[in-house]
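Fold and geometry: a report
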Amino acid sequence: MAHVYTPGLRVTPRMVIRKRRVLPIPGEVLVREGDPVESSTVVARALLPGKVYTVNVVNRLGISPGEIRSYMLKKEGEPIEAGEPIAESRPFIKWLKTQVLSPITGTIEMVSEVTGQVLVREPPQPLELFAYLDGKVVEVVPKEGAVVETTCAFIQGIFGIGGETVGKLAFAVERPDDVLTPEKIGPEHRGAILIGGSFVAEETIKRAREVGVNALVVGGLNDLDLRRLLGYDLGVAITGTERIGLTLILTEGFGKIPMAGRTFDLLASKEGWKASCSGATQIRAGVIRPEVIIPLDQAPDPKSPPSPLSKRGARGDFPPEEGGMSVGDTVRIIREPYFGLIARVKELPPEPRQIATESKVRVLIASLPDGHDVIIPRANVELIEE
Amino acid sequence: MPSELHAILATDCGSTTTKAILIERRSGEYRLSVRGEAPTTVEAPFEDVTRGVLNAIQEVEELSGRTILDGERIITPAQGRRGVDLYVSTSSAGGGLQVMVAGVVKQMTAESAQRCALGAGAIVMDVLASNDERPGWEKIERIRQLRPDMLLLSGGTDGGTISHGVELAEYIAAANPRPRLGTGYQLPLIYAGNRDAREKIKEILGGKVALSITENIRPVLEQENLGPARHRIHELFLEHVMAQAPGYRKLITWTGAPIMPTPAAVGLLMETVARKRGVNLLGVDIGGATTDVFSVFEGVFNRTVSANLGMSYSISNVLAEAGLEHVNRWLPFEMEEQDLRNRIKNKMIRPTTIPQTLEDLQVEQALAREALRLALEQHKALAVGLKGVHRERSISEALMQEAAGETLIDLWKLDLIIGSGGILSHAPRRAQAMLMMIDAFQPLGITYLAVDSIFMMPHLGVLSTVHEEAATFVFDKDCLIPLGTCLAAAGAGGSGEVCFEFTVTLPNGEVVKDALPFGELKSLPLGEREEALIEATPTRGFDLGVGKGRKIEGKVQGGAVGVILDARGRPIALAKDLKMRVDQLRRWAKAVDLYPDGS
């Protein structure tokens, strides 16, 4: 078998992407099919029900639940202000009166004659849903949102943290194997999606945050630094809601790993362009990987410096990226002992072979850059299209 | 369904893979014929589970030469090499059955509700209780944030106060929870609490959820009645959850028995095996994301799921929960923290990769030991107090157990450990699987161990609901791979001090007589379906199950590994000093021929 399926991250100079932008609860859709939108356009909005607080009125007044209604000053559905009495006792001596005050401003949700508690709800919170991408609306999902389509360059990372953001692509390194260090980040990178090389350390991320960088896209990061940034050990790769002051996207993995040339070159070819990105990652069924989306329907910002493509060795041709693995293909090895190396597929033996662990698995024979041939389990490579 | 079954097809629709097996009756025996698999197709772009099922069946057709499909229809009944007599299926696709439970007292009705949901094969997303110390608004927020497949509300004994159960219902009503799948239907809620509160519950929740009322899971303090609620969970799983999942409406019409949640089917099989063999057993299924632990002790079944302990998606969480020191203690070499952490995270983000080096394999097996250990700890914590249906105890006994949290998992009484999941089933050497389980669970006395060969326990579990004979026969013959027996002593001693003396009479009459020093491990070969007689006498400080210093006699069964004699103490005495520990681990590995170079 000379052609086998192997997973790979999508890195493509041109594709049509559709993003389904829907509200968590039904609301109002503000766009129509065919409307052009920008990333900041509000496509839909909803009113999220306010937080509910419980007030144990019967305990506070020393009455039984069945009597509660006769002590209430407010009825279900009535508005209340924070600190306003919602119930009170009626002693013979007025100054012995006990009042129960509302902890919040909102409405009386429920008065329970069984439990003796009153539920009060804060006012609804408006929720606005942005388009996230520059593009056009191709479908309206009634009461929920819309599908936004754009033609773009698209880059998937392997892991990210932090949510959606938008900015102009900027470079702080010259080569994909450069380490992004704090002194390479300056005020000019404020609001940018900043591209690093092989590695970023905690101190550099802090510098980026200070400067106001919106997102960092780099090859690798050490897990110990991730723990310091988050303040806890990340147990499961379900991310996107972290608040570390910026969005971080790793294109290759944990450790110091040069960014794949193809990824770096594609990003370099779009330096100064507006992009949308998200660190949200979910590595389970229904995989979500972090992404950088660069809509192609834009001219580069004339104020941004011209892209020094020659310096970064960008190529103009990008073949299709989906499909199987064949002899001659370039792969990235994604497991020890050759982790991070780029190799060329020399042979795809059909029969399983025994590896050092004594497992019998399907393998490929790969030629390393130094000319050595090595045997690698097929499960341990990712295709890199050139 | 024909009265006599000649060919049975079973599938398990997992989160990532749909596995199909074909069982055929040959020479009067039901045996596994072939197994096929295909990616599960619940997600986009297919969004129809039956595509993956059909693909897996096609592989079975190719491998077996039996024609099963006529287009997209399963041919029934079988006629010669065409068609099957029965098709059954389990499912955990789309994250399985996710349930949120609520009860009045955390240690009582809420815990009963938790056991009920887990026993039904669910993942419990959260347990709410009136006394769980979270303020009301926090509980309401939590209900609102989580999007379960269903809610199980218990609370109060029959005839008792209704206010706490009603309070929970009020919270649920205020949160107005929404189901995980689909938007056009109401979230199913099972009320299985104080019957006197039913009318009030209907009043509060009717119209807000799809309310279903069943018998109280704790009608009186000293009685737990999980059956009716568990049964209702299965019904709602089919009617609501499955019906919302893409393609399941079609799949339901194909099967000859109700589709079961995968863990429920495995649990059912475990119960059947324990009952038929008259043993106490512990079963574990360690997957990529979760680890399920099943136990049957004195006929009482329990299941827990450790939702974030697993060997790929959740591997990083094993490190986070166990701690670096606990993982390192199983590594027969020194590794920098940074290196170890990065390796583990890289496995998490590329979960399908496999260890290529022995060192990497040892890292994964160290993590597996910790995942299994933690999963058993969690299981022990829940398998306490009242169990099963209508088991009555006195109130003082009930209170004593609640207070003491006494677990039912008594390792002295444990007869059989069954391991399942890639890291155990596919360990390059069977001894690795056996030692991982011994190190993690630290069984005491005489314990027999086995692994599931190709993960067909879910298939056999659902099959057992319609044809127990076929299910248990295939389980014994084709599913279980016996590993052998472990004899382990409790106690601690000094280095070099004798732990126990033993005499083993092998089937060929050969007699092995020796003394095992404390801190050592020894293996004796004893083949599958072979038995040996063992006599062992511990020294004064050690116990083999009948008291310190007292001799035990018995039969031990063989398997792919044989007999492992374990004098390492309980808990296993691992040296604190790194060099000494590495020497120790290498000595043990050599004793059971664990790795190729004896490292």
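By convention here, each chain's residues receive numbers from 1 onward along its written sequence. Labels are handed out in written order, letters beginning with A for the chains and numbers beginning with 1 for the ligands. Side-chain atom pairs in this predicted model are given and counted only at pLDDT of 80 or more, local residue features only at pLDDT of at least 70, and totals for whole chains, interfaces and linings cover all residues. Hydrogens are left out, water is left out, and the side-chain values use all remaining heavy atoms of the structure.

So, about the overall build of chain A. Per the secondary structure count, chain A includes six helices and 31 strands. Atoms considered for the radius of gyration are the C-alpha atoms alone. The globule rule reads 2.2 Å times the number of residues to the power 0.38. At 28 Å, chain A has a C-alpha radius of gyration far larger than the 21 Å of a compact globule built from 386 residues. Its C-alpha atoms put chain A at 100 × 55 × 45 Å along the principal axes. Burial status across chain A gives 52% buried among its 386 residues. Only the protein chains shown count as cover for residues, with accessible areas throughout obtained via the Shrake-Rupley method and a probe of 1.4 Å. Summed over all atoms, the accessible surface of chain A reaches about 17,200 Å², with 52% contributed by carbon and sulfur. Here Asp and Glu are counted as negative and Lys and Arg as positive; His is not counted, and neither are the chain ends. Charged groups are reduced to one reference atom each: NZ for lysine, CZ for arginine, CG for aspartic acid, CD for glutamic acid. Charge-centre separation for chain A: the mean point of 47 positive side chains lies 2 Å from the mean point of 50 negative side chains. Strands are runs of DSSP state E lasting at least two residues, helices are runs of H or I lasting at least four, and both sets are numbered from the N terminus onward. When accessible area is computed with a 1.4 Å probe and restricted to protein chains, residues below 20% of their type maximum are described as buried, those above 50% as exposed, and intermediate ones as partly exposed.

On a plain count of helices and strands, chain B comes out with 18 helices and 24 strands. Relative to a compact globule of 599 residues, whose C-alpha radius of gyration would be 25 Å, chain B shows 25 Å and is just as compact. On the principal axes, the C-alpha backbone points of chain B span a range of 70 × 60 × 50 Å. The buried share among the 599 residues of chain B stands at 61%. If you take every contact in chain B between residues at least 6 apart in sequence, the share linking residues at least 24 apart comes to 68%. Accessible surface, chain B as shown: approximately 21,600 Å² in total, 48% of it carbon and sulfur. Note on definitions: a residue-residue contact is assigned when non-hydrogen atoms from the two residues lie within 4.5 Å.

Attention now moves to the environment of Cys499(B). All names here are of chain B. Assignment of secondary structure puts Cys-499 in strand S19 (residues 498-505). Each C-alpha atom of the pair Cys-499 and Gly-569 lies 8.5 Å from the other, and the pair is 70 residues apart in sequence. Other than its neighbours up to four places away in sequence, Cys-499 contacts Ala-489, Leu-516, Pro-517, Phe-518, Thr-537, Pro-538, Thr-539, Phe-542 and Ala-567.

On the side of chain B, 51 residues touch chain A, which itself brings 58 residues to the contact. Throughout this description, the term salt bridge denotes a Lys or Arg side-chain nitrogen within 4 Å of a carboxyl oxygen of Asp or Glu. Counting the contacts that link chain A with chain B gives seven salt bridges. Two residues, Glu364(B) and Arg335(A), come together in a salt bridge whose shortest N-O distance is 2.7 Å. For this analysis, a polar contact is any N or O atom pair within 3.5 Å, provided that within protein one partner can donate a hydrogen and the other can accept it, and provided that sequence-adjacent residues contribute only side-chain to side-chain pairs. If you look at where chain A meets chain B, you find 24 residue pairs in polar contact (both at pLDDT 80 or more). A total of four residues in the side of chain A that touches chain B trace back to one element, the largest contributor, which is helix H4 (residues 223-230) of chain A. For this scheme, ten residues count as nonpolar: Ala, Val, Leu, Ile, Met, Phe, Trp, Tyr, Cys and Pro. Four count as charged, namely Asp, Glu, Lys and Arg, and the remainder, Gly too, count as polar. Here the side of chain A that touches chain B is composed, by residue class, of 31 nonpolar, 13 polar and 14 charged.

Moving on, we come to the packing of helix H8 (residues 262-277) of chain B against helix H17 (residues 468-479) of chain B. Residue and element names in this part refer to chain B. Axis lines are fitted to C-alpha atoms, over the contacting stretch for helices. Their N-to-C directions set the angle, which ranges from 0 to 180 degrees. Where H8 meets H17, the axes come as close as 11 Å, and the angle between the chain directions of the two elements is 85°. Regarding the angle of H8 to H17, the classification is roughly perpendicular. Contacts between H8 and H17 pair Leu-269, Thr-272, Val-273, Arg-275, Lys-276 and Arg-277 from the former with Glu-468, Thr-472, Phe-475 and Asp-476 from the latter. Looking at the contact of H8 with H17 residue by residue, the classes come out as three nonpolar, two polar and five charged. Roughly parallel covers angles under 35 degrees, roughly antiparallel covers those over 145, roughly perpendicular covers 65 to 115, and oblique covers all other angles.

Let us look at the domain arrangement of chain A. Domain start and stop points were drawn from an automatic or database domain assignment. Here the domain parsing of chain A yields domain 1 (11-15 + 146-312), domain 2 (52-121) and domain 3 (323-384). A separation of 70 Å is found between the C-alpha centroids of domain 2 of chain A and domain 3 of chain A.

Once the domains are mapped, chain B shows domain 1 (7-93), domain 2 (96-249) and domain 3 (281-307 + 339-591). Relative placement of domain 2 of chain B and domain 3 of chain B: their C-alpha centres are 35 Å apart.

With that out of the way, let us pick up the packing of aromatic side chains. Residues and elements named next belong to chain A. The criterion for an aromatic pair is that two Phe, Tyr or Trp rings (for Trp, the six-membered ring) have centres within 6.5 Å, with stacked assigned to planes under 30 degrees apart, edge-to-face to planes over 60 apart and tilted to the rest. Per the counting criterion, the structure on display carries six aromatic pairs over all chains. Between Phe-159 and Phe-254 the ring centres are 5.3 Å apart and the planes differ by 50°, which places this aromatic pair in the tilted class. In this pair, Phe-159 is assigned in strand S15 (residues 159-161) and Phe-254 in strand S21 (residues 247-254), connecting sequence segments 95 residues apart. The pair Phe-159 / Phe-254 is uniform in exposure class, with both members buried.

A word on empty space enclosed by the protein. Picture a little ball the size of a water molecule; that probe, rolled over the atoms, points out where space is still empty. Residues and elements named next belong to chain A. In this analysis the probe radius is 1.4 Å and the grid spacing 1 Å, with only protein atoms considered; a cavity is a set of points the probe fits into but cannot get out of, a pocket is an open set with protein on both sides within 12 Å along at least five of seven lines, and lining residues have an atom within 4 Å of a point. Grid points are joined across faces, edges and corners, and a volume is the space filled by probe spheres set on the points. Scanning the model with the defined rule gives four cavities of 30 Å³ or more in all. Put simply, the largest cavity is a space of about 150 Å³. The wall of the largest cavity is formed by 14 residues, among which Leu-9, Val-11, Ala-260, Thr-263 and Ile-384 lie closest to the centre. Among the elements that line the lining of the largest cavity, the one with the most residues is strand S31 (residues 381-384), at three residues. Each residue belonging to the lining of the largest cavity can be placed in one class, and the counts come to five nonpolar, three polar and six charged. Residues lining the lining of the largest cavity come from more than one domain, with at least three contributed by each of domain 1 (11-15 + 146-312) and domain 3 (323-384).

Residues and elements named next belong to chain B. Tallying each qualifying case throughout the model produces 68 salt bridges over all chains. Arg-144 is the partner of Glu-141 in a salt bridge, and the nearest nitrogen-oxygen pair spans 3.2 Å. One end of the pair, Glu-141, and the other, Arg-144, are both in helix H3 (residues 136-145), three residues apart, so they sit about a helical turn from each other. Look at Glu-141 and you get buried, because its relative accessible area is 14%.

What follows is about the pairing of strand S14 (residues 145-156) of chain A. Residue and element names in this part refer to chain A. Taken across its 12 residues, S14 has 10 buried, putting it largely inside the fold. Following DSSP output, two strands are said to pair if at least two bridges run between them. Of the pairings in the sheet, the one linking strand S2 (residues 11-22) to S14 comprises 10 bridges and is antiparallel in character. Looking across to S14, one finds that Thr-12 is bridged to Phe-154. Pairing of strand S13 (residues 135-141) with S14, which is carried by five bridges, proceeds in the antiparallel orientation. Looking across to S14, one finds that Val-141 is bridged to Gly-145. A loop of three residues connects S13 with S14, the two strands running antiparallel in sequence, and Lys-143 in this loop sits at a positive phi of about 65°. Two strands pair when backbone bridges link them, and S14 and strand S23 (residues 291-295) are joined in this way by five bridges, in the antiparallel orientation. Counted as the bridge partner of Ile-155 is Val-292 from S23.

With that settled, consider the state of the cysteines. When two cysteine sulfur atoms are found within 2.5 Å, that pair is recorded as a disulfide. On inspection of all chains with the given rule, the structure shows zero disulfides over all chains. In this structure Cys499(B) is a free cysteine whose sulfur lies 12 Å from that of Cys486(B), the closest cysteine sulfur available.

Now for the sheet that holds strand S10 (residues 188-191) of chain B. Residue and element names in this part refer to chain B. If you walk across this open sheet you meet the five strands as S8-S7-S9-S10-S11, and the pairing is parallel. A single partner strand is all that each edge strand has here, and the edge strands are strand S8 (122-129) and strand S11 (210-213). When the angles between neighbouring strand axes are averaged without regard to direction, this sheet yields 20°. The pairing of strand S9 (residues 150-153) with S10 spans three bridges and is parallel. Its bridge partner being in S10, Leu-152 is matched across the sheet by Ile-190. Here helix H4 (residues 163-175) sits on the sheet and contacts strand S7 (97-103), S9 and S10; the angle it forms with S9, its principal contact strand, is near 160°.

Residues and elements named next belong to chain A. Pairing within the open sheet is antiparallel, and its three strands lie in the order S3-S5-S12. In this open sheet, the two edge strands, each paired with only one partner strand, are strand S3 (28-29) and strand S12 (125-130). Of the strand pairs in this sheet, strand S5 (residues 42-48) and S12 are connected by six bridges, and their pairing is antiparallel. Paired with Leu-47 across the bridge in S12 is Pro-126.

Right, let's talk about a nonpolar patch on the surface for a bit. Residues and elements named next belong to chain A. On the surface, Phe-92, Ile-93, Trp-95 and Leu-96 cluster together into a nonpolar patch covering about 600 Å² of accessible area. Within the element layout of this structure, Phe-92 appears in the loop between strand S8 (85-88) and strand S9 (99-101). Residue Phe-92 is classed as exposed on the basis of its relative accessible area of 92%. Patches here are clusters of residues that have more than 30% relative accessible area and form no salt bridge, with a 9 Å joining cutoff for like charges and a 5 Å cutoff for nonpolar side chains (Val, Leu, Ile, Met, Phe, Trp, Tyr).

Once that is clear, we can look at H3(B). Taken residue by residue, H3(B) has Gly136(B), Lys139(B), Ile140(B), Glu141(B) and Ile143(B) as its buried positions. Considering only its buried residues, H3(B) is in contact with strand S6 (52-56) of chain A together with S7, S8 and H4 of chain B.

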